[in-house]
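# Observations on the three-dimensional arrangement
Residue-level listing of the chains:
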Amino acid sequence: MASILIVEDEVIIRSALKRLLERHEFSVSEAGSVDEACQQDPSIFDLIISDLRLPGEAGTEMITRAPGVPVLIMTSYASMRSAVDAMKMGARDYIAKPFDHNEMVQTVKRILAQGHDPDDTSEADAGATTSASERMGRMVGQCRAMQKLYQQIRKIAPTQVTVLIHGESGTGKELAAKALHEHSTRAQAPIVSVNCAAIPESLIESELFGHERGAFTGAVAARQGLVEAAEGGTLFLDEIGELPLEAQARLLRVIQEREIRRVGTVHSRRVDIRLVAATHRNLRNLVEAGRFREDLYYRLQVIELTIPPLRERGDDILMIARYLLSKYAREMQLDAIPELSEAACERIMSYDWPGNVRELENAMQRAMILSEGDHPISAELLGLPSGRRAGPVTTSAATTTPAGSSGGASAPIGTSADNVDDASLEDYFVQFVLEHEEHMNETELAQKLGISRKSLWERRQKLGIPRRKGK
Ligand SMILES: Nc1ncnc2c1ncn2[C@@H]1O[C@H](COP(=O)(O)OP(=O)(O)OP(=O)(O)O)[C@@H](O)[C@H]1O
């Protein structure tokens, strides 16, 4: 049984986390500070989960106090910057509070499965049921579109050009960005991933570009931004279509001049980063709607990569499903990898997978947890919605369709300039949430949609369907 030490000063969070981990059969010890944690020998644990901000020394101190033991840092959203610093100091990973229970358990299991040598995991992990030609990094699949993508990544990675990755949510854009980084000459430096949609608009400039002391109320000390944190490495900007116009202007300067100006100063600093951006939107349409700078758009799309939706990947879908089962079986320390029944395979192949690989991950996890020992996984255990969805999800995100040509079945949510894919996915999302929120809680809704609770919350805000009070 793996042993975990939780270092957290807030008793309620600490005991809730302890109960959660104990339910998953981990042996858990607790401490309220680094000092208290070090009263026992912290190096005997398999994993330390520590809050970043603690009374006394910061949680990152545990990295040096327990050499060799992986440390998972918990941090509130507002200190995301410090989380990046924590990773640089050697933390194995970080998780934002409040965290989703599922996400926490999966992160813990992943870190424990990696053991003490995380560097080996990407290829080795993917290698569980696949050969080298069937994957790139942690990306599994060998259909023609994925082979082409791997080739493009190998070709582009060693150059310094800016790359724009297109693809629906959950298709693997972040994995592709990581593969680009890992195959580049910058692989030894950090890759800093930023989800532009997850940072409140008022904070985005200072988060990305840093600020000087006194730049705004509350800026009590100067702070480096995430762009600077990626120095020497790669900056991955996910959901770049959500970046406000002012921040777009600053980013353009970074790309053109290779320098940044922190908020509150006229002085520039040179930065050496490679920019990789991703979006599920049609940026061209956003440019036409005046929501994205044209000059930035042209700078970004020097090289474009398109990740196909899962439903267009043929037999890869089953290959990824089986790879995921073998991965989870290993994490759960099962003796055998569960098989998929014929009916389950058919269901997997006929389903549309609007949440793409992320939704497949959830279906496989669920099926595995609910499966009975030796029996193959049945189609029902996948928990996929039956019948057809509202609003067909058809072409890949790279396909450009004139705005307003969606047939008008249901009005696009957000902006009329969004392309058909955005509209139909968003319609589907809204419809699904409205239909099911009465009888499902947020965790169940998120699971069914194949997204995290955090992104369910974010999308609710974005699409104007906030969670009802009292639910
Ligand atoms: N080809 C693949 N093989 C195995 N796992 C994959 C593959 N593609 C994606 N995944 C897994 O699916 C999940 C979603 O991938 P990722 O976060 O890269 O997608 P994304 O397109 O960046 O999503 P979003 O648009 O929501 O940010 C991750 O857990 C990732 O490891």
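Quick caveat: nothing in here was measured; it's all calculated off a predicted structure.

Rules used throughout
Residues numbered from 1 in each chain as written. Predicted model: local features only at pLDDT ≥ 70, side-chain atom pairs only at ≥ 80, totals over all residues. Helix = DSSP H or I, 4+ residues; strand = E, 2+ residues; numbered from the N terminus. Buried ≥ 20, exposed ≤ 12 C-beta atoms within 10 Å, placed from the backbone. Contact = placed C-beta atoms within 7 Å. UniProt positions renumbered as here; feature names shortened; annotations may be inferred. Near = placed C-beta within 6 Å. Nonpolar A, V, L, I, M, F, W, Y, C, P; charged D, E, K, R; others polar. Pairing = 2+ DSSP bridges. pLDDT = per-residue confidence, 0-100. Axes fitted to C-alpha atoms, helices over the stretch in contact; angles between N-to-C directions. Parallel < 35°, antiparallel > 145°, perpendicular 65-115°, else oblique. Left-handed = near helix turned anticlockwise from the far one by under 90°. Expected span 1.5 Å × (residues − 1). Right-handed = clockwise from strand over helix to strand, strands pointing away.

### Brief notes about the overall build of the chain
When its secondary structure is counted, the chain shows 19 helices and 14 strands. Looking at the chain residue by residue over its 471 residues, the buried ones come to 40%. Contacts spanning at least 24 positions in sequence make up 67% of the contacts within the chain whose residues lie at least 6 apart.

### Things to note about the environment of Leu52
In this fold, Leu52 is placed in the loop between strand S3 (47-51) and helix H3 (61-65). Look at Leu52 and you get partly exposed, because 19 C-beta atoms sit within 10 Å. As for Leu52 and Leu72, which are separated by 20 residues in sequence, their C-alpha atoms are 9.6 Å apart.

### Topic: the UniProt feature "modified residue: 4-aspartylphosphate" (unreviewed entry) in the chain
Feature annotation in UniProt assigns "modified residue: 4-aspartylphosphate" (unreviewed entry) to the following positions: Asp51. In this fold, Asp51 is placed in strand S3. Overall, the presence of 22 C-beta atoms within 10 Å leaves Asp51 in the buried class. Asp51 has contacts with Val7, Glu8, Asp9, Gly59 and Met74, leaving out every residue within four places of it along the chain.

### Some points on the site of the ligand
Within the structure, the ligand sits among 18 residues, and Val140, Gly172, Lys173, Glu174 and Val357 are positioned closest to it. Of all the secondary-structure elements, those providing two or more residues to the shell around the ligand are strand S7 (139-140), helix H8 (173-182) and helix H16 (356-370). When grouped by side-chain class, the residues that make up the shell around the ligand number five nonpolar, seven polar and six charged.

### Some remarks on the pairing of S3
The buried count for S3 comes to five of five residues, which makes it a mostly enclosed element. Relative to S3, strand S1 (residues 3-7) is paired through four bridges, and the arrangement is parallel. Within S3, the residue paired with Val7 across the bridge is Ser50. Both S3 and strand S4 (residues 71-76) contribute to a ladder of four bridges, which runs parallel. Across the sheet, the residue bridging to Ser50 is Ile73, located in S4.

### Overview of unusual backbone geometry
Positive phi, close to 65 degrees, is recorded for Glu25, a residue that is not glycine. Tracing the backbone shows Glu25 in the loop between helix H1 (11-23) and strand S2 (27-31). Here Glu239, not a glycine, exhibits a phi torsion of approximately 55 degrees, which is positive. The topology assignment puts Glu239 in the loop between strand S10 (234-238) and helix H11 (245-257). With 20 C-beta atoms counted inside 10 Å, the residue Glu239 sits in the buried group.

### Section: the confidence of the model for the chain
For the chain, mean pLDDT is 80; residues scoring 70 or higher make up 84% of the total. Below pLDDT 50 for its whole length, residues 117-129 participates in 18 contacts with residues either more than four positions away or in separate chains. Contacts of residues 387-424 to residues separated by more than four positions or lying in other chains number 63 contacts, the stretch itself having pLDDT below 50. Overall fold confidence (pTM) sits at 0.63, and the ipTM for the predicted complex is 0.98.

### Some remarks on the sheet that holds strand S13 (residues 274-279)
Across the sheet, which stays open at both edges, the five strands sit in the order S9-S10-S13-S8-S14 with parallel pairing between neighbours. Each end of this open sheet is capped by a strand with a single partner; those strands are strand S9 (191-195) and strand S14 (303-306). Neighbour to neighbour, the strand axes of the sheet diverge by 20 degrees on average, direction disregarded. Bridge analysis of strand S8 (residues 163-166) against S13 gives four bridges, and the strand direction is parallel. Of the residues in S13, the one forming a bridge with Val163 is Val276.

### Quick word on the packing of helix H9 (residues 201-209) against H11
At a minimum axis separation of 9 Å, H9 and H11 run at an interaxial angle of 15 degrees. With respect to H11, the axis of H9 lies roughly parallel. As for the relative orientation of H9 and H11, their crossing is right-handed in sense. The segment H9 lies against H11, with Ile204, Glu205, Leu208 and Phe209 engaging Glu246, Ala247 and Arg250.

### Notes on H1
A rise of 1.5 Å per residue sets the reference length of H1, with its 13 residues, at 18 Å; its end C-alpha atoms lie 18 Å apart and thus fit the reference within 8%. Where H1 terminates, the next one or two residues include Glu25, which has phi positive at roughly 65 degrees.

### A closer look at the sheet that holds S4
Paired through backbone hydrogen bonds, the strands of a sheet run either parallel or antiparallel to each other. One open sheet holds the five strands; their spatial order is S2-S1-S3-S4-S5, and the pairing between them is parallel. This sheet does not close on itself; its edge strands, each paired only once, are S2 and strand S5 (93-97). The sheet shows a mean angle of 20 degrees between the axes of neighbouring strands, taken without regard to direction. Examined bridge by bridge, S4 and S5 share five bridges and lie parallel to one another.

### Thoughts on the pairing of S1
With respect to burial, S1 is a largely interior element, four of its five residues being buried. In this structure, S1 lies alongside S2, joined through five bridges in parallel fashion. The partner of Leu5 across the bridge, within S2, is Ser29. At this point the chain moves from S1, through H1, to the parallel S2, and the crossover so formed is right-handed.

### Overview of the environment of Glu437
Looking at the element boundaries, Glu437 is found in the loop between helix H17 (420-436) and helix H18 (442-449). Distance from Glu437 to Arg467, taken between C-alpha atoms, is 8.6 Å for residues 30 residues apart in sequence.

### Some thoughts on the environment of Lys18
Within the secondary structure layout, Lys18 lies in helix H1. When the 17 C-beta atoms within 10 Å are taken as the criterion, Lys18 is described as partly exposed. When the C-alpha atoms of Lys18 and Val28 are compared, they prove to be 6.2 Å apart, with ten residues separating the residues in sequence.

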